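# Geometric and topological summary
Residue-level listing of the chains:
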Amino acid sequence: MGEIISGKALSKDVREQVRLDVLALQEKYGKVPHLAVVLVGEDPASQSYVRGKERACTKAGIHSTVIRKPDTISEEELLDIVETLNNDDEVHGVLVQLPLPKHIDENKVIDAIDITKDVDGFHPLNVAYMHLGRPAILPATPKGILTMLHSKNIELQGKDALIIGRSNIVGKPAAMLLMKEHCTVTIAHSRTKNLKEKCLRADIIVAAVGRANTVTADMVKEGAVVIDVGVNRVDGKLVGDCDFEAIKDKASYITPVPGGVGPMTITSLLQNTLECFERIVKP
Ligand code: GUN
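Bear in mind the structure is a predicted one, so any value in this text is a computation, not a measurement.

Criteria and thresholds
Residues numbered from 1 in each chain as written. Predicted model: local features only at pLDDT ≥ 70, side-chain atom pairs only at ≥ 80, totals over all residues. Heavy atoms only, no water. Salt bridge = Lys/Arg side-chain N within 4 Å of Asp/Glu carboxyl O. Helix = DSSP H or I, 4+ residues; strand = E, 2+ residues; numbered from the N terminus. UniProt positions renumbered as here; feature names shortened; annotations may be inferred. Phe/Tyr/Trp six-rings, centres within 6.5 Å; stacked < 30°, edge-to-face > 60°. Buried < 20%, exposed > 50% of the residue type's maximum accessible area, 1.4 Å probe, protein only. Pairing = 2+ DSSP bridges. Axes fitted to C-alpha atoms, helices over the stretch in contact; angles between N-to-C directions. Contact = heavy atoms within 4.5 Å. Near = heavy atom within 4 Å. Polar contact = N/O pair within 3.5 Å; in protein donor to acceptor, adjacent residues only side chain to side chain. Areas by Shrake-Rupley, 256 points an atom, 1.4 Å probe, with all protein chains shown as cover. Core = buried A, V, L, I, M, F, W, Y, C linked by side-chain atoms within 4.5 Å. Patch = residues over 30% accessible without salt bridge, like charges linked within 9 Å, V, L, I, M, F, W, Y side chains within 5 Å. Lys, Arg positive; Asp, Glu negative; His and termini not counted. Charge placed at Lys NZ, Arg CZ, Asp CG, Glu CD.

## Some words on the pattern of salt bridges
Counted by the stated rule, this structure contains 11 salt bridges. With its nearest N and O atoms 2.8 Å apart, the salt bridge here joins Glu3 to Lys152. Remark: Lys152 occurs in the loop between helix H6 (140-151) and strand S5 (160-164) and Glu3 occurs in strand S1 (residues 3-4); sequence separation between them is 149 residues. What emerges from the salt-bridge pattern is a single network uniting Lys143, Glu275 and Arg279.

## Section: the UniProt feature "domain: Tetrahydrofolate dehydrogenase/cyclohydrolase NAD(P)-binding" (unreviewed entry) in the chain
Taking the UniProt record as the reference, the feature "domain: Tetrahydrofolate dehydrogenase/cyclohydrolase NAD(P)-binding" (unreviewed entry) is found at residues 139-279. A distance of 17 Å separates the end C-alpha atoms of residues 139-279, which is 37% helix and 18% strand.

## Description of the packing of aromatic side chains
Each aromatic ring pair is characterised by the separation of its centres together with the angle its planes make. Applying the stated criterion across every chain, the model contains 1 aromatic pair. Between Tyr29 and Phe277, the aromatic rings sit 5.9 Å apart at their centres with planes inclined by 70 degrees, giving edge-to-face as the arrangement. With Tyr29 in helix H1 (residues 7-29) and Phe277 in helix H10 (residues 261-280), this pair connects stretches of sequence that are 248 residues apart. Accessibility assignment for this pair places Tyr29 and Phe277 in one class, buried.

## Notes on the sheet that holds strand S3 (residues 63-69)
Taken in spatial order, the 3 strands line up as S3-S2-S4 in an open sheet, and their pairing is parallel. With partners counted over all chains shown, the strands left at the sheet margins are S3 and strand S4 (93-96), one partner each. Along the sheet, successive strands turn relative to each other by an average axial angle of 15 degrees, direction set aside. Bridge count between strand S2 (residues 34-40) and S4: 4 bridges; the pairing is parallel. Its bridge partner being in S4, Val38 is matched across the sheet by Val96. Relative to the sheet, helix H2 (residues 44-60) contacts S2, S3 and S4, its axis offset from that of S3 by approximately 160 degrees.

## Notes on the site of the ligand
The environment of the ligand is formed by Leu95, Val96, Gln97, Leu98, Asp120 and Phe122. A distance of 3.2 Å separates a nitrogen atom of the ligand from a polar side-chain atom of Gln97. Burial of the ligand by the protein chains amounts to 82% of its free accessible area of 280 Å².

## Quick notes on the nonpolar core
Counting residues in hydrophobic clusters, the biggest one holds 29 residues, and the most contacted among them are Leu149, Leu178, Val206, Ile227 and Val229. Every element with two or more residues in this core is listed here: H1, H6, S5, helix H7 (171-180), strand S7 (204-207), strand S8 (225-228) and H10. Ranked by the residues each element gives to this core, the list is headed by H7, at 5 residues. Ignoring anything within four residues of it in the chain, the contact list for Leu149 reads Ile154, Leu156, Leu178, Val225 and Ile227. Counting residues in each nonpolar core, the second largest holds 23 residues, with Val18, Tyr29, Cys57 and Ile266 among its members.

## Brief notes about the environment of Thr141
Mapped onto the elements of the fold, Thr141 is located in helix H6. Among the residues examined, Thr141 registers a relative accessible area of 11% and is labelled buried. For Thr141, the contacting residues outside a window of four places in its chain are Val170, Val229, Val261 and Thr265.

## Re a positive patch on the surface
A contiguous patch of positive charge, built from Lys12, Arg51, Arg55 and Lys59, is present on the exposed surface. Broken down by element, the residue count for the positive patch peaks at 3 residues, all from H2. By the secondary structure assignment, Arg55 is in helix H2. On the basis of relative accessibility, which here comes to 55%, the residue Arg55 falls in the exposed class.

## Quick notes on unusual backbone geometry
Residue Pro99 follows Leu98 across a cis peptide bond; omega there is 5 degrees. Pro258 follows Val257 through a cis peptide bond whose omega is 0 degrees. Looking at the secondary structure, you find Pro258 in the loop between strand S11 (253-254) and H10. Positive phi, normally seen in glycine, also occurs at Asn213, with a value near 60 degrees. By secondary structure assignment, the location of Asn213 is in the loop between S7 and S8.

## Some remarks on the sheet that holds S5
Strand order across the open sheet formed by 6 strands is S1-S11-S8-S7-S5-S6, with parallel pairing between neighbours. In the strand order of this sheet, the two ends are held by S1 and strand S6 (184-188), each with one partner. As paired elements, S5 and S6 share 5 bridges and run parallel to each other. Each bridged residue has a counterpart across the sheet, and for Ala161 the counterpart in S6 is Val185. Here H7 sits on the sheet and contacts S5, S6 and S7; the angle it forms with S5, its principal contact strand, is near 170 degrees.

Written out as structure tokens, the structure reads:
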């Protein structure tokens with residue numbers, strides 16, 4: 001039976017460390033990091049994510065502000081809000097929750113965020129720095145995955161890693177970060193042929209497609225590490241992209257859903273907010 005990597009338990013430890021770091025920064029600079037989140041519209045998933053971020057900030061002693069706007073907001077108004085936050089010396093992290101309404105160009109909004117305050121690591125310059133292996137703010141979900149792998153001292157060098165999913169938020173950056181850890185990386189996606197064959201060769205599988213049962217036990221090599229990024233609702237129940245119950249007996253390590261990668265994403269965001277604060281605030 002594989003070991004379950006609990007993102008919930010690991011998050012508790014890391015967030016406690018963030019809380020202590022915030023206390024130390026407060027002592028040193030007389031102020032705490034401040035994260036500003038912009039939430040447009042009423043999307044239930046986005047509202048729930050933002051509530052989670054707010055709660056986690058408060059518990060860690062990070063000041064958080066949520067600016068809520070109706071989905072009728074114009075692109076220009078939203079860009080003005082970003083600009084105001086960029087120029088506010090008392091704001092250290094700026095996050096615009098995605099997705100945005102169709103009439104707003106997401107790229108324009110991401111591009112407008114000051115890269116020193118880009119806690120999501122979505123700004124093209126941050127993405128470029130990450131790809132070059134230069135110091136960068138790393139996107140929260142792939143960073144959380146790395147923290148999970150490191151927490152168990154899982155050997156990465158020379159391992160075959162298969163990433164399923166090629167999103168800008170998870171798949172692509174996860175591939176880049178695992179390559180930096182000296183994995184041999186394959187990226188699979190919706191047009192990939194022979195997924196099972198590729199899965200069976202993998203020492204590490206990162207499933208990030210958003211479809212339940214994408215990875216089943218017959219697709220997993222004995223002793224593989226399985227990281228499940230999926231969040232799907234099936235018959236009212238939250239499940240990942242992998243058949244957890246069947247795979248856990250085959251894998252050496254596996255992450256559960258819920259309580260796996262999900263909490264680590266918010267944990268990484270807290271770390272990123274701290275990182276931005278330290279870059280911005282000088283004694
Ligand atoms: N929507 C889904 N995940 C994310 C995220 O990590 N950051 C932002 N800004 N929006 C999201």
